[in-house]
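For reference, the chains in residue letters:
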Amino acid sequence: MPLQSPRVERRDAGHASVRRARPLLGTRVEIGAAASVSAAELHRAVDAAFATIDRIERLMSYHDPESELSRLNREAAARPQRVHRDTGAVVRAALEFASLSGGAFDPCVAPWLEDWGLLPRHGGPRPAHDASWRDVEILDESHVRFRRPLRLDLGGIAKGYAVDQAVQVLKQSGARSILVNAGGDLRVAGEQGETIAVRSPQEPAFIVRTLVLHEAALATSSACYSRRRVAGVEVSALLDPASRAPYLGGASVSVRAADCTTADALTKIVLFAEPRTAERALTAFRAQALVLQADSA
Amino acid sequence: MFTPSRIVFLPVAALAAAQPVQAMVYLSLEQAQELMFPRQTLTPAPLALSAAEIAAVERETGTRYFAGALRAWKGADGYFFADAVIGKHDLIRYAVGLTLEGKVRQVEILEYREAYGGEVRNAAWRSQFIGRAHGDPVQLGHDIRNVSGATLSCQHVTDGIRRLLAVYAIAIAAR
């Protein structure tokens, strides 16, 4: 069956279906939607959804020295910093996941990723050696403070959050059959189910599983593309907060949950938490995990 | 009481694996032009760079410039660029809208094509997709629409945009 974003955008009067993609969040972000409106109106709604993702990236990008997150890392140990509502929401969620997972989800391990060249090193006070996510404080909903200098990294959850916000924008515009896929972190909303293909973690050319998602989100984590050799040592972007060792296994973890913020965070919890803690977290969020275990390289 | 686990472990070696190739056309060139410059006439803006200008672009951006993939058009309130980049395993055609001052105002991916068999290194394979004339039928017929896991980065598109801005500065703004 030919696979094509419909070149004919109107099937009948006031019914449109589109699928578009932009480079955002360091990856290809796809948005698909259908609505009982004109193609032009639907495109505008998709524009608004992309704009929301772009806005979230500008707020929370670790790579961008001008992002709100980078400002926190520079200033929040010295004085409380006012943050946008989205940043506050993601920081709060990150701390909640850190707390319920006993730190298996840890948004404060960036210094090690910086050491390995996986994240950029911007200026700012040297992170305290024993600083942790417990040193991040949220004050009155819109201010964040660090009790000690540290580096907060929202990379393990912000992509999922951006997907959720984009889906909200599209729902508010009246779109049905919504799909937002940010490099494999995705969410489906609306009447129809969507078939999702999950790649083999070490042979990405191969699809090893398909599943149907209906009103749900899916996020996948693996070390596949971030794995590299730095100063003679194998590292990856997935760092075990307890051992501070990079995850070098060949598995991928996919989590299905009601929303993408949760799915995104839970992949790290499934990877790094004690099995009982991971099960408890999945149960609490009515989520399920799929671990594809390749032979280790 | 046995509580079933919420984690399913699947050894990949034991699974049947399919190798469909993901290929997706999001927008035609004309659709992208209409989205970025609605109802405007766009006239082609030739980008004939001299060897010195190409060297300057490559030096400034740290990327190679290949004539043929990058094309530009001028409209009443900006410029429209179409370009193609290849990564290790993919080819991406994309479009960028600039303001009249050369600032990026919109980026859209036109087409995404995966190629795990090394096809990206084959000029004949690439030429099917790059520099294609308007309205040519697109060969599709692959089954996977939505993918999760091991997704490639878009760094080559980001680099392409940077290069395109350098070309704009040298070949359009400076002239």
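The coordinates are above.
Worth saying up front: this structure is predicted, and the values here are computed from it rather than measured.

K.L.:
Sorry, what's going on with the overall build of chain A here?
P.N.:
When helices and strands are tallied, chain A shows 7 helices and 15 strands. Whereas a compact globule of 297 residues would reach a radius of gyration of roughly 19 Å, chain A reaches 20 Å, a difference of no more than 12%. Based on the C-alpha atoms only, the size of chain A along its principal axes is roughly 60 × 45 × 35 Å. Burial status across chain A gives 58% buried among its 297 residues. For chain A, the share of sequence-separated contacts (at least 6 apart) that also reach a separation of at least 24 residues comes to 61%.

K.L.:
Mind showing me how you'd approach the interface of chain A and chain B here?
P.N.:
Frequently, the measure chosen for interface size is the accessible area removed from exposure when the parts meet. At the junction of the two partners, chain A supplies 58 residues and chain B supplies 49 residues. For the interface between chain A and chain B, the tally reads 3 salt bridges. As a salt-bridge pair, Glu108 of chain B and Arg20 of chain A come within 2.6 Å of each other at their nearest N and O atoms. Linking chain A to chain B there are 31 residue pairs in polar contact (both at pLDDT 80 or more). Of the residues that constitute the side of chain A that touches chain B, the class distribution is 30 nonpolar, 15 polar and 13 charged. Alignment of strand S9 (residues 194-199) of chain A against strand S8 (residues 147-148) of chain B, held across 2 bridges, turns out to be parallel. Note that in S8 of chain B the partner of Ala197 of chain A across the bridge is Val147 of chain B.

K.L.:
Got a minute to help me understand the nonpolar core in this structure?
P.N.:
Among soluble globular proteins, nonpolar side chains are generally buried collectively. Membership of the largest hydrophobic core comes to 89 residues, with the highest contact counts inside it found for Leu152, Leu154, Leu170 and Val180 of chain A. In terms of residue count, the dominant contributor to this core is helix H1 (residues 39-60) of chain A (10 residues). Not counting residues up to four positions away in its chain, the partners in contact with Leu170 of chain A are Ile31, Ala33, Ala45, Val46, Ala49, Ala175, Ile178 and Val180 of chain A. Counting residues in hydrophobic clusters, the runner-up holds 43 residues, among them Leu49, Tyr65, Leu164 and Ala166 of chain B.

About the criteria used
Residues numbered from 1 in each chain as written. Chains lettered and ligands numbered in written order. Predicted model: local features only at pLDDT ≥ 70, side-chain atom pairs only at ≥ 80, totals over all residues. Heavy atoms only, no water. Helix = DSSP H or I, 4+ residues; strand = E, 2+ residues; numbered from the N terminus. Rg over C-alpha atoms; globule rule 2.2 N^0.38 Å. Buried < 20%, exposed > 50% of the residue type's maximum accessible area, 1.4 Å probe, protein only. Contact = heavy atoms within 4.5 Å. Salt bridge = Lys/Arg side-chain N within 4 Å of Asp/Glu carboxyl O. Polar contact = N/O pair within 3.5 Å; in protein donor to acceptor, adjacent residues only side chain to side chain. Nonpolar A, V, L, I, M, F, W, Y, C, P; charged D, E, K, R; others polar. Pairing = 2+ DSSP bridges. Core = buried A, V, L, I, M, F, W, Y, C linked by side-chain atoms within 4.5 Å.

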